[in-house]
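Residues per chain, in single letters:
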Amino acid sequence: MNVTRGFTGRPRVLDPGLPPGQYDAGDDWPVLSAEVTPDLTPADWTFRIDGLVAEPRTWDWDEAHALPASVYEGDIHCVTGWSKFGVRFGGVSLDAFLDVVRPGASATHAVAYSHSGYTTNLPLADLTGGRAWIAWEYDGKPLPAEHGGPARLLVPHLYFWKSAKWIAGLRLLDHDEPGFWERNGYHARGNPWEEQRYSGD
Amino acid sequence: MAEATTVTEPAAAGATVTEPTGAFSPPTRFAVPGRIAVSDRAAALWQTATLTEIRRETPTVATFRFAVPGWAGHLPGQHLMLRLTAGDGYTAQRHYSLASPPDDTGHIELTLDHVEGGEVSGWFHTEARPGDEVAVRGPLSGFFAWPGDRPALLIGAGSGVVPLMSMIRHHRARGLDVPLRLLVSARGPEELVYAAEYGAETTAVFTRRAPEGVPVGRLSAALVAPLVAERPPGGWEAYVCGSNAFAEHASRLLVEAGQPVDRIRIERFG
Ligand SMILES: Cc1cc2nc3c(=O)[nH]c(=O)nc-3n(C[C@H](O)[C@H](O)[C@H](O)COP(=O)(O)OP(=O)(O)OC[C@H]3O[C@@H](n4cnc5c(N)ncnc54)[C@H](O)[C@@H]3O)c2cc1C
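Residues numbered from 1 in each chain as written. Chains lettered and ligands numbered in written order. Predicted model: local features only at pLDDT ≥ 70, side-chain atom pairs only at ≥ 80, totals over all residues. Heavy atoms only, no water.

Moving on, we come to the overall build of chain A. When its secondary structure is counted, chain A shows two helices and 11 strands. Scanning chain A from its N terminus toward the C terminus, one meets helices and strands in the order β-β-β-α-β-β-α-β-β-β-β-β-β. Its C-alpha atoms give chain A principal-axis dimensions of roughly 60 × 35 × 30 Å. Of the accessible surface of chain A, which amounts to about 8100 Å², a share of 53% is contributed by carbon and sulfur atoms. (Helix = DSSP H or I, 4+ residues; strand = E, 2+ residues; numbered from the N terminus. Areas by Shrake-Rupley, 256 points an atom, 1.4 Å probe, with all protein chains shown as cover.)

The structure is reproduced here in structure tokens:
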């Protein structure tokens, strides 16, 4: 360990909810997208799941809202270092969408893609079992555009770049295929508890 | 679907200039391709950076020069992760853009704004002195990189001008003749980072106080639209860097002026 002379840092907070190397951003919610925020209305929004599924399907705004509502209350973690505690997102569990399309036995991974063209890859196991959502509400209000509204993917147990904003679809694959940041040096899975920030971590 | 293109630019050692291809391309309106493939090895490795020099830029901004003998080389626009370690093992890590252009001096420069109450920038601005050692890993992210191959329209505010200055310095150091323009926004003349270094490529905008004869005002369509309209051969690649509010404002002006969304790259400092 190389100690930095004269550096003491902030008072230590013993917070078991904080993954290694992260800090509590409090009320801030920094925006980190590399592209222009798309001008997308709920009427323009669609969500599709295809690839290795029994029945590919596209939902529009109303069809997606007809699925059973589900809420995530908990924490989110961004690879740049901030974590945000006790956030509340409303939407639909991804399981409800996947139940309709029925993933094939060979499907192991997914590429999530946005209406902006952004992509990110995830193991299918990280998208099932009540751990992923399509979210359109934040704190009881419509999700703001700069945070991915009208609707974004929400996979809160992974670093937040996996939670693709302006979600347009999932393609299920039988292999892992790097998405936008993953092709730009970021980790394939992005588990904050193992500090999987960059490929090689 | 993107063709497999390889840009053969004599770039920095260690940075391979290829457009990453072959991955799934979604059937959506736009996808901004990465500019370079980054070295996983360089990104994974923590190295010691020894502070060799501190230069004041403005009352709240200073440039810090480091010796990093094993530096893999970078392209303008890339950033690194910097880590400070306290005696009890506690660490704080932040991203910083590379201010220096690619060169083979074994040195890199970062330019840091002193953020009120900032843990890392506070240490740099109140404690750091030559000889101090910190840890860095990088360069990271090929997305905002500019290899010097395409005409570049740069828009930055505050410390967001740091990665853009690396591009300007690279352009000058290599004597490149590909068009390059910078629109830089600062609150007042004394807050303009790198003020003495700008040349004919730069237009400064002052939002609170301006020098004699220069109007005070926000970055506007009247400034952005004529530059976008110049449309050099091959078109502009636009690079926007600053706070989120500034990035939203500037990128909207670019889109309204007709700049294609898939040719706008944005880096938000939060
Ligand atoms: C890709 C990228 C490139 C960047 N490049 C540059 C660059 O070239 N130059 C530059 O100056 N910056 C750059 N930044 C910003 C930089 O990473 C830091 O965010 C910035 O230096 C602030 O860090 P800090 O440790 O000084 O402040 P922090 O300690 O992170 O504080 C930031 C603000 O939040 C408050 N805060 C945060 N956490 C706490 C807490 N636990 N308790 C109390 N208050 C808190 C602070 O009071 C302060 O107002 C870049 C960011 C990114 C993402």
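And the narrative resumes.
Once that is clear, we can look at the nonpolar core. All names here are of chain A. Core analysis: the biggest nonpolar cluster contains 45 residues, and Phe-47, Ile-49, Leu-94, Phe-97, Leu-127, Ile-134 and Leu-153 have the highest contact counts within it. Of all the secondary-structure elements, those providing two or more residues to this core are strand E2 (46-51), helix H2 (94-101), strand E6 (109-114), strand E8 (133-138) and strand E11 (167-173). If you tally residues by element for this core, the top one is H2, at five residues. Excluding its chain neighbours within four sequence positions, the residues that come into contact with Ile-49 are Pro-56, Arg-57, Trp-59, Phe-97, Leu-98, Val-101, Leu-170 and Leu-172. (Core = buried A, V, L, I, M, F, W, Y, C linked by side-chain atoms within 4.5 Å. Buried < 20%, exposed > 50% of the residue type's maximum accessible area, 1.4 Å probe, protein only. Contact = heavy atoms within 4.5 Å.)

Residue and element names in this part refer to chain B. Each assigned domain of chain B is listed here: domain 1 (41-140) and domain 2 (152-268). One C-alpha centre belongs to domain 1, the other to domain 2, and the line joining them spans 24 Å. In this assembly, 19 residues from domain 1 lie in contact with 15 residues from domain 2. Surface buried jointly by domain 1 and domain 2 totals about 1300 Å² across both partners, of which 59% is contributed by carbon and sulfur atoms. Where domain 1 packs against domain 2, one counts zero salt bridges. Residues that form the side of domain 1 that touches domain 2 fall into these classes: seven nonpolar, eight polar and four charged. (Domains from an automatic or database assignment. Buried area = accessible area lost by both parts, 1.4 Å probe. Salt bridge = Lys/Arg side-chain N within 4 Å of Asp/Glu carboxyl O. Nonpolar A, V, L, I, M, F, W, Y, C, P; charged D, E, K, R; others polar.)

Okay, the site of the ligand next. Taken together, 22 residues lie around the ligand, and A:Arg10, B:His95, B:Tyr96, B:Val120 and B:Ser121 are the ones closest in. Near the ligand, residues from chains A and B are present, making the site a shared one. Contact between the ligand and B:Thr111: a nitrogen atom at 2.9 Å from a main-chain N or O atom of the residue. Isolated, the ligand exposes 960 Å² of accessible area, and the fraction of that covered by the protein chains is 75%. At the level of elements, strand E4 (91-97), strand E5 (107-113), helix H2 (119-126) and strand E11 (264-268) of chain B are the ones that each hand at least two residues to the shell around the ligand. Examining the composition of the shell around the ligand, we find that four residues originate from one element, E4(B), more than from any other. The residue makeup of the shell around the ligand, split by class, is seven nonpolar, eight polar and seven charged. (Near = heavy atom within 4 Å. Polar contact = N/O pair within 3.5 Å; in protein donor to acceptor, adjacent residues only side chain to side chain.)

This part is about the interface of chain B and chain A. On the chain A side, the residues contacting the 56 residues of chain B number 47 residues. Note on chain B versus chain A: buried area summed over both sides is about 4200 Å², and carbon and sulfur give 54% of it. The partner of A:Arg5 in a salt bridge is B:Glu127, with the nearest N and O atoms 3.5 Å apart. Counting every contact that joins chain B to chain A gives 15 residue pairs in polar contact (both at pLDDT 80 or more). In terms of residues, the side of chain B that touches chain A owes the most to one element, strand E3 (residues 79-85) of chain B, which gives five residues. The residue makeup of the side of chain B that touches chain A, split by class, is 26 nonpolar, 16 polar and 14 charged.

With that out of the way, let us pick up the sheet that holds strand E7 (residues 119-123) of chain A. All names here are of chain A. The five strands lie next to each other as E3-E2-E11-E6-E7, forming an open sheet whose pairing is mixed. Across the chains shown, the open sheet's two edge strands, defined by having one partner strand only, are strand E3 (57-60) and E7. Recorded for the sheet is a direction-independent mean angle of 15° between the axes of neighbouring strands. Note: E2 against E11, four bridges, orientation parallel. Paired with Arg-48 across the strands is Gly-169, a residue of E11. (Pairing = 2+ DSSP bridges. Axes fitted to C-alpha atoms, helices over the stretch in contact; angles between N-to-C directions.)

The periodicity of an α-helix, 3.6 residues per turn, causes residues three or four positions apart to be oriented the same way. Residues and elements named next belong to chain A. With respect to burial, H2 is a largely interior element, six of its eight residues being buried. What H2 keeps buried is the set Leu-94, Asp-95, Ala-96, Phe-97, Leu-98 and Val-101. Count one or two residues on from H2 and you reach Arg-102, which has phi positive near 55°.

Bringing the packing of aromatic side chains into the picture now. Going through the model one piece at a time under the given rule, you end up with 25 aromatic pairs over all chains. Between A:Phe89 and A:Phe160, the aromatic rings sit 6.5 Å apart at their centres with planes inclined by 45°, giving tilted as the arrangement. Of this pair, A:Phe89 sits in strand E5 (residues 82-93) while A:Phe160 sits in the loop between strand E10 (152-154) and E11; the two residues are 71 residues apart in sequence, bridging distant segments of the chain. On the accessibility criterion, A:Phe89 (2% relative accessible area) is buried. Judged by its relative accessible area of 7%, A:Phe160 falls in the buried class. An aromatic cluster of at least three residues, connected via ring pairs, comprises A:Tyr118, A:Tyr159, A:Trp161, A:Phe180, A:Trp181, A:Tyr186, A:Tyr198 and B:Phe143. Positioned above the aromatic ring of B:Tyr194 is the side chain of B:Arg169, whose terminal nitrogen or guanidinium carbon lies 4.8 Å from the ring centre. B:Arg265 extends its terminal NZ or CZ atom over the ring of B:Phe143, reaching a point 5.1 Å from the ring centre. (Phe/Tyr/Trp six-rings, centres within 6.5 Å; stacked < 30°, edge-to-face > 60°. Lys NZ or Arg CZ within 6 Å of the ring centre and 35° of its normal.)

On to the pattern of salt bridges. With the rule as written, the count across this model stands at 28 salt bridges over all chains. The salt bridge involving A:Arg10 is made with B:Glu119; its shortest N-O contact spans 3.7 Å. Taken together, the positions of A:Arg10 in the segment before strand E1 (23-24) and B:Glu119 in helix H2 put the pair across two chains. Given the relative accessible area of 36%, A:Arg10 is considered partly exposed. According to the relative accessible area criterion, B:Glu119 is buried, its value standing at 10%. A:Arg102 is the salt-bridge partner of A:Glu55, the closest N and O atoms lying 2.5 Å from each other. Residue A:Glu55 is located in the loop between E2 and E3, and its partner A:Arg102 is located in the loop between H2 and E6; the two are separated by 47 residues in the primary sequence. For A:Glu55, a relative accessible area of 44% gives the class partly exposed.

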